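Close look at the chain arrangement
As a plain string of letters, each chain reads:
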Amino acid sequence: MTYEEEPEDLDDALAADLTELNPPDRSGSSAPIGAHIVKWRSLTDADARTAWIMLRDWVEWFTVRYQISESVVPACWFKHGDLVEELSALHTAHTVAFHPSDSGFGPIGWHERLTLALPRLRRAYAGGCTRGHNRYKPRSWTNVVDEQEWEAWTNRSHAQ
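Residues numbered from 1 in each chain as written. Predicted model: local features only at pLDDT ≥ 70, side-chain atom pairs only at ≥ 80, totals over all residues. Heavy atoms only, no water.

Details of the overall build of the protein chain
Stated precisely, the cut-off is as follows: Strands here mean DSSP runs of E at least two residues long; helices mean DSSP runs of H or I at least four residues long; both are numbered from the N terminus. For every residue, the accessible area (1.4 Å probe, protein chains only) is compared with the maximum for its type, and the residue is labelled buried under 20%, exposed over 50%, or partly exposed between those bounds. Any pair of residues with heavy atoms lying within 4.5 Å of one another is described as a contacting pair. Only the protein chains shown count as covering a residue, and every accessible area follows the Shrake-Rupley method with a 1.4 Å probe.
Along the backbone of the protein chain there are five helices and zero strands. Listing every helix and strand of the protein chain by position from the N terminus yields α-α-α-α-α. Burial statistics for the protein chain: of 160 residues in total, 34% are counted as buried. Here the contacts in the protein chain between residues at least 6 apart in sequence split such that 78% fall between residues at least 24 apart. A total of about 11300 Å² of accessible surface is found on the protein chain, and carbon and sulfur atoms cover 51% of it.

This is the structure:
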């Protein structure tokens, strides 16, 4: 095997690639890849509707998929700030864990986080309404949310 020209020195090639690298520069975003993090405390009314709709869509999927009973996440979950925070954090973690850029450990990591979050979800609600929730009733979102109340609620951030 003959070479027409000498192969490039590996050290020189790496040095050339790294000339613009500045390790102290931390200007990149620290947001998880693919996630939309909602900071409920400072959410503006202008951004509220989109945030609420995205979370509701995920919560309805999550509670059915994982058979989360209404005694843990009631139909009025959006009125319970602690549930909103827990569910929002789980939503963000789920989005990142299943992002195509994940190395493959995200899904199992998300399920480990879910295991840790379930007791907090149970404590966050703990039957805090007088709606008469049935612990063993299968989940369905058909006709359980007052749509007028939802529309009115999601037009504001409720940050305060």
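Some details on the packing of helix α2 (residues 45-65) against helix α3 (residues 81-97)
Packed helices, taken two at a time, are described by their axes: the angle between them and the distance between them. Just so we agree on the cut-off: A fitted line through C-alpha atoms represents every axis, and for helices the fit uses only the stretch in contact; the resulting angles, taken between N-to-C directions, go from 0 to 180 degrees. The scheme is simple: roughly parallel for angles under 35 degrees, roughly antiparallel for over 145, roughly perpendicular for 65 to 115, oblique for anything else.
At their nearest, the axes of α2 and α3 sit 10 Å apart, and the two run at 80° to each other. The angle between α2 and α3 places the two elements in the roughly perpendicular class. Within the contact between the two elements, α2 uses Trp-52, Met-54, Leu-55, Trp-58, Val-59, Trp-61 and Phe-62 and α3 uses Val-84, Leu-87, Ser-88, Leu-90, His-91 and His-94.

Quick word on the environment of Phe-78
Inspection of the secondary structure assignment puts Phe-78 in the loop between α2 and α3. Distance from Phe-78 to Trp-52, taken between C-alpha atoms, is 8.4 Å for residues 26 residues apart in sequence. Residues contacting Phe-78, with those up to four places away along its chain left out, are Trp-52, Val-84, Val-145, Trp-150 and Trp-153.

Observations concerning empty space enclosed by the protein
Under the convention used in this document: Points on a 1 Å grid over protein atoms alone make up a cavity when a 1.4 Å probe fits among them but cannot get out, and a pocket when they form an open set with protein on both sides within 12 Å along at least five of seven lines; lining residues each have an atom within 4 Å of a point. Grid points are joined across faces, edges and corners, and a volume is the space filled by probe spheres set on the points.
A full pass over the atoms with the stated rule returns one cavity of 30 Å³ or more. In this structure, the largest cavity encloses a volume near 40 Å³. Forming the boundary of the largest cavity are His-36, Val-38, Trp-40, Ala-51, Met-54, Leu-55, Ser-88, His-91 and Thr-92. Of all elements in the fold, only α2 and α3 reach the threshold of two or more residues within the lining of the largest cavity.

Structural notes on the pattern of salt bridges
To be explicit about the condition: By salt bridge we mean one thing: a side-chain nitrogen of Lys or Arg within 4 Å of a carboxyl oxygen of Asp or Glu.
Considering all chains together, one arrives at five salt bridges under this definition. Residue Glu-151 is joined to Arg-49 by a salt bridge in which the shortest nitrogen-to-oxygen separation is 2.8 Å. Linking Glu-151 in helix α5 (residues 147-154) with Arg-49 in helix α2, this pair joins segments that are 102 residues apart in sequence. Classification of Arg-49 by relative accessible area gives partly exposed; the value is 28%. Between Glu-60 and Arg-56 there is a salt bridge, and its shortest N-O distance comes to 2.7 Å. Residue Glu-60 and its partner Arg-56 are located together in helix α2, separated by four residues, close to a single helical turn.

Overview of the nonpolar core
Quick reminder of the rule: As used here, the term nonpolar core means buried Ala, Val, Leu, Ile, Met, Phe, Trp, Tyr and Cys residues forming a set that is joined through side-chain atoms within 4.5 Å.
Grouped together as the largest cluster of nonpolar side chains are 32 residues, with contacts concentrated most on Trp-52, Phe-62, Trp-77 and Leu-87. For this core, the secondary structure elements donating two or more residues are α2, α3, α4 (106-125) and α5.

Digging into the packing of aromatic side chains
Going by this rule: When two rings of Phe, Tyr or Trp (its six-membered ring) have centres within 6.5 Å they constitute a pair, described as stacked for plane angles under 30 degrees, edge-to-face for angles over 60, and tilted for the intermediate range.
Tallied over the full model, the rule gives 15 aromatic pairs. Between Trp-61 and Tyr-66, the ring centres sit 6.0 Å apart and the planes meet at 80°, which makes this aromatic pair edge-to-face. When its relative accessible area of 37% is taken as the criterion, Trp-61 is described as partly exposed. On the numbers, 5.4 Å between centres and 55° between planes, the contact of Tyr-66 with Trp-110 is tilted. Of this pair, Tyr-66 sits in the loop between α2 and α3 while Trp-110 sits in helix α4; the two residues are 44 residues apart in sequence, bridging distant segments of the chain. Of the residues examined, Trp-110 reaches a relative accessible area of 1% and is grouped as buried. Within the aromatic cluster, the residues linked to one another by ring pairs are Trp-40, Trp-52, Trp-77, Phe-78, Trp-150 and Trp-153.

From the geometry alone we can't say anything about function, so treat these as descriptive.
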